[in-house]
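Structural overview for review
Residues per chain, in single letters:
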Amino acid sequence: MGARVEVSHLNIVAQAGGKDLPLVTDVSFRIEPGEVLALIGESGSGKTTIALSLMGYARQGCRISGGTIRVGDVDVLGLSAGEQRSLRGRTVSYIAQSAAASFNPSRTIMDQVVESAYIHGLMPREQAEAKAVALFRDLALPNPQTIGQRYPHQVSGGQLQRLMAAMALICDPALVILDEPTTALDVTTQIEVLQAFRRVVRERNTTAVYVTHDLAVVAQMADRILVLRQGRQQEQAETRQIIESPQHDYTKSLIAAAKPAPRDAGRLVPDAAATPLLEVRSLVAGYGALDTRGLPSSPVLSDVSFTLHRGQALGVIGESGSGKTTLARAIAGLVAPAAARFCLTARRWRPMCRGAAATSCGACKSCSRWPIPR
Ligand SMILES: Nc1ncnc2c1ncn2[C@@H]1O[C@H](COP(=O)(O)OP(=O)(O)O)[C@@H](O)[C@H]1O
Ligand SMILES: [Mg+2]
């Protein structure tokens, strides 16, 4: 069950050259048990600084200089250093942006997920492992019985981020802090991981602070939003209210930035008569040896075609592994296409690939065509 969190008049400073520079100024908020509060604001606005202070922690060179923080009945800033250490991971736990940087690469995942449970003397290892497996299942991880035996490099980024959530939830914390936990993931994986986080936080009725700069994420996760700028709170209200009718100019600009309008629509529609700058036709590319039909053993791109006019920008989007980089590499000549017709009209151009010779298509002077006609 989540705790009520009350932060009043929080001040945090950085110590520089004998002077105190304010990082967080007079921030106050309250989170009801089981509620998710989002801290949003641009990079450097103080989100992480506040999030860490909820565990009584300030980064090196920084100091919590005033205010009170209560998590349930605990006066966090009134605790001794030792008491604060036993609070961390047990009552308040933290999920960081990069799970890869937070896991020790030389130990198995299970070892690390269950560690805090028995360090805090909450349960024997066997029980902690059973609980970890249940969490892996709740977080929709594949092979929940055995995934813990792997090392961090043997799972994907999205899986490691969810395994970190299991590590944070193993002691049933009263408050969990998620500090941009999906920022490093691609969009599709982000949605999957976010759904898993939302489900476990809701099912356990855990109070949560969700740190992000992404309003789309906030809309899915948070009950309430606190908007920060330069360490000062701008406004706080229910998620819907902030997104539908932001009061503060800064919040309005954040929301406007989250809904980008197409850039100068006039430039996106090319002059039909103009010669395209780059034409790619029926590109097939991949990795590995070519089979008898001349196709790569690990195909990545099949039949990709597009035309690009001078001054246009083409966005290539797709989930991790969909072939974005391979497309760019094929155009740059770093991957030999199995089949394609490239045409770059503005200047003589021919992607040079080791192992793949190109010939002119005959229709213009500057294109290259695969496969080579026999
Ligand atoms: N160890 C530190 N010493 C001094 N200043 C710091 C330290 N860590 C962060 N800061 C400063 O604190 C401010 C807030 O940083 P941070 O809380 O990390 O922002 P956010 O998480 O919103 O991106 C920034 O101006 C940053 O440069
Ligand atoms: Mg941060």
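Residues numbered from 1 in each chain as written. Chains lettered and ligands numbered in written order. Predicted model: local features only at pLDDT ≥ 70, side-chain atom pairs only at ≥ 80, totals over all residues.

**Here we look at the overall build of the chain**
Formally: Secondary structure elements follow DSSP: runs of H or I of four or more residues count as helices, runs of E of two or more count as strands, with numbering from the N terminus. Between the buried cut of 20 or more and the exposed cut of 12 or fewer other C-beta atoms within 10 Å of a residue's own C-beta lies the partly exposed class, and all C-beta atoms are placed from the backbone. Residues are scored as being in contact if the C-beta atoms we place from backbone atoms lie within 7 Å.
Within the chain one finds twelve helices and 14 strands. Counting the 374 residues in the chain, one finds 36% classified as buried. Once local pairs closer than 6 in sequence are excluded, the contacts in the chain between residues at least 24 apart make up 62%.

**Overview of the nonpolar core**
For soluble globular proteins, the rule of thumb is that nonpolar side chains tend to be buried together. We apply this condition: Here, a nonpolar core means buried Ala, Val, Leu, Ile, Met, Phe, Trp, Tyr and Cys residues linked by C-beta atoms lying within 7 Å of one another.
In terms of nonpolar packing, the biggest core is built from 78 residues, with Ala38, Leu39, Leu54, Leu163, Ala166, Ile170 and Ile177 touching the most fellow members. Counting residues per element, this core draws most heavily on helix 6 (residues 157–169), which supplies eight residues. Not counting the four nearest positions on each side in its chain, Ile170 is found in contact with Val113, Val114, Ser116, Ala117, Ala128, Lys131, Ala132 and Leu135. Leu283, Ala285, Val300 and Ala336 belong to the second largest nonpolar core, which has 16 residues in total.

**Some points on the confidence of the model for the chain**
Residues shown with low pLDDT carry predicted positions that ought not to be read at fine detail. Basically, it comes down to this: pLDDT is a residue-level measure of predictor confidence that goes from 0 to 100.
Of the residues in the chain, 88% reach a pLDDT of 70 or more, and the chain-wide mean stands at 86. Confidence, read as mean pLDDT per element, is least for helix 11 (residues 265–268) in the chain (52) and greatest for strand 4 (residues 62–71) (97). Contacts of residues 355–361 to residues separated by more than four positions or lying in other chains number 16 contacts, the stretch itself having pLDDT below 50.

**Structural notes on the sheet that holds strand 3 (residues 36–40)**
Strand pairing in a sheet relies on backbone hydrogen bonds. The paired strands run either parallel or antiparallel. Applicable threshold: Strand pairing requires that DSSP identify at least two bridges connecting the strands. Every axis in this analysis is a line fitted to C-alpha atoms, fitted for helices over the stretch in contact. Angles between the N-to-C directions lie between 0 and 180 degrees.
Taken together, six strands build an open sheet; the order of strands is 6-7-8-3-9-10 and the sheet is mixed. Here the strands that pair on one side only, and so sit at the sheet edges, are strand 6 (92–95) and strand 10 (232–238). When the angles between neighbouring strand axes are averaged without regard to direction, this sheet yields 15°. The sheet contact formed by strand 6 and strand 7 (residues 175–179) spans four bridges and is parallel. Across the sheet, residue Val92 finds its bridge partner in strand 7, namely Leu175.

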